[in-house]
Amino acid sequence: MNTTTDLTGPLLREVARLYIRAQRSRIACCDGASNVQSQVLTELLRNEEMTQRALVERLNLDKGWISRAVDALVTEGAVAKRQSEVDRRNQKLSLTVAGRLRARKLEQQLNGHATGLMRAVPVDRHAQVQESLQLLLKALQHAPIEAEQKAPCDAWNGAGLEMRAANVGDWSAIEDLLRDASLPLDGAREHLGSFLVGTVAGEIVCAGGLEIYGANALVRSVVVAEQRRGLKVGFALIAMLMQLARERGVTRLFLLTTTAASYFGALGFLPAARDEVPEAVMQSREFQGACPASATLLTAQTEV
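This text gives an overview of the structure that appears in the document. (Residues numbered from 1 in each chain as written. Predicted model: local features only at pLDDT ≥ 70, side-chain atom pairs only at ≥ 80, totals over all residues. Heavy atoms only, no water.)

1. Considering the environment of Gly77
Link 1 in the chain: Residue position: Gly77 is located in the loop between α4 (63-75) and β2 (79-83).
Link 2 in the chain: Here the alpha-carbon distance between Gly77 and Leu95, two residues 18 residues apart in the chain, equals 8.8 Å.
Link 3 in the chain: Non-local contacts of Gly77, meaning those with residues more than four positions away in its chain, are made with Thr96, Ala98 and Gly99. (Helix = DSSP H or I, 4+ residues; strand = E, 2+ residues; numbered from the N terminus. Contact = heavy atoms within 4.5 Å.)

2. Focus: the side chain of Gln52
Link 1 in the chain: Structurally, the position occupied by Gln52 is in helix α3 (residues 52-59).
Link 2 in the chain: Look past the residues within four positions of Gln52 in its chain and what remains in contact with it is Ile66, Ser67, Val70, Lys81, Asn90, Gln91 and Leu93.

3. Some thoughts on helix α8 (residues 171-180)
Link 1 in the chain: Of all the residues in α8, the buried ones are Trp171, Ile174, Leu177 and Leu178. One side of α8 carries all its buried residues, which in axial view fall inside an arc of 125°. Among the exposed residues of α8, those pointing more than 90 degrees away from its buried face are Arg179 and Asp180.
Link 2 in the chain: At its buried positions, α8 is contacted by β5 (195-200), β6 (203-213) and β7 (216-224). (Buried < 20%, exposed > 50% of the residue type's maximum accessible area, 1.4 Å probe, protein only. Arc of directions from axis to C-beta.)

4. Concerning helix α5 (residues 97-117)
Spacing of three or four residues puts side chains on the same side of an α-helix, whose turn is 3.6 residues.
Link 1 in the chain: In this model α5 runs 31 Å from its N-terminal to its C-terminal C-alpha over 21 residues, within 8% of the 30 Å that 1.5 Å per residue would give.
Link 2 in the chain: Along α5, the residues that are buried comprise Gly99, Arg100, Ala103, Leu106, Glu107, Gln109, Leu110, His113 and Gly116. (Expected span 1.5 Å × (residues − 1).)

5. A short note on the nonpolar core
Link 1 in the chain: The biggest cluster of nonpolar side chains holds 43 residues, and the ones touching the most others in it are Ile174, Leu253, Phe264 and Phe269.
Link 2 in the chain: Considering each element in turn, this core owes the most residues, 9 residues, to helix α9 (residues 233-247).
Link 3 in the chain: Ignoring sequence-local partners within four residues, the contact set of Ile174 consists of Ala166, Leu192, Phe195, Val197 and Ala207.
Link 4 in the chain: Val40, Leu45, Val70 and Leu93 belong to the second-largest nonpolar core, a separate cluster that totals 22 residues. (Core = buried A, V, L, I, M, F, W, Y, C linked by side-chain atoms within 4.5 Å.)

6. Digging into the packing of helix α2 (residues 35-46) against α4
Link 1 in the chain: Contact geometry of α2 with α4 gives a least axis separation of 9 Å together with a crossing angle of 75°. Relative to α4, the element α2 is oriented roughly perpendicular. Of the residues in α4, those in contact with Val36, Gln37, Val40 and Leu41 of α2 are Trp65, Ile66, Ala69, Val70, Ala72 and Leu73.
Link 2 in the chain: When the residues that make up the contact of α2 with α4 are grouped by side-chain class, the tally is 9 nonpolar, 1 polar and no charged. (Axes fitted to C-alpha atoms, helices over the stretch in contact; angles between N-to-C directions. Parallel < 35°, antiparallel > 145°, perpendicular 65-115°, else oblique. Nonpolar A, V, L, I, M, F, W, Y, C, P; charged D, E, K, R; others polar.)

Below is the structure:
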């Protein structure tokens, strides 16, 4: 077995996770923009003009979050909107003069931060690092999307699934799904403001939420309607909950499960000890008895 190859993937993910976290801190420090706003600015800097729909697809983020970020940037005078001539329901976006200056400044700051990291690398290794990064860049730009990588997305997109934030009117349907799956209701409704639902033709077919306690959150009430299981709907839901957690400043997630440890393990959650759980999370209803003491505790970082 090639142990070097075996370690490459986890090492790359850890580098990416810490690098993204550091870049987000730099954005917050130097520009004050949210993570999504900064991604909108830098993506539009690379494209003269693009539709909002294309921006959603390029950034692979929830369209509601993109819409709010764009609206904020329009209000600040950084982005201009105009209706597409091809599809009047869509809008084309471009940077204003002020927005372009802001995006360029942001790019310079982020590039400067990245360049500064090389000061910790011995000078005689700089060429080696650059060559490795060029190989990785080429792999990312040209690697084919294999069938098994596309399958989860194809499955739930093919099912006509749309994700959105939950509202008060959704509670009855969420409650029914949780009861059908024998999942605890205790405390769920109080956190409906950080729940997501997935719909097909207007019918709620999955739901899940977060109980947010500062930089930590409890993932709870993740449920998929029985007739929609096996279509990777849950994978999509967890991905969106992780994105929601990042948007709200959460860096670590916890969850309790009695039956789905292997399922969440496939999504990047790892076993954890109870003494790792922050006190605020420990005071949640699930930890205080809504879930049995025998439930498996899992955790995940929200960064890539």
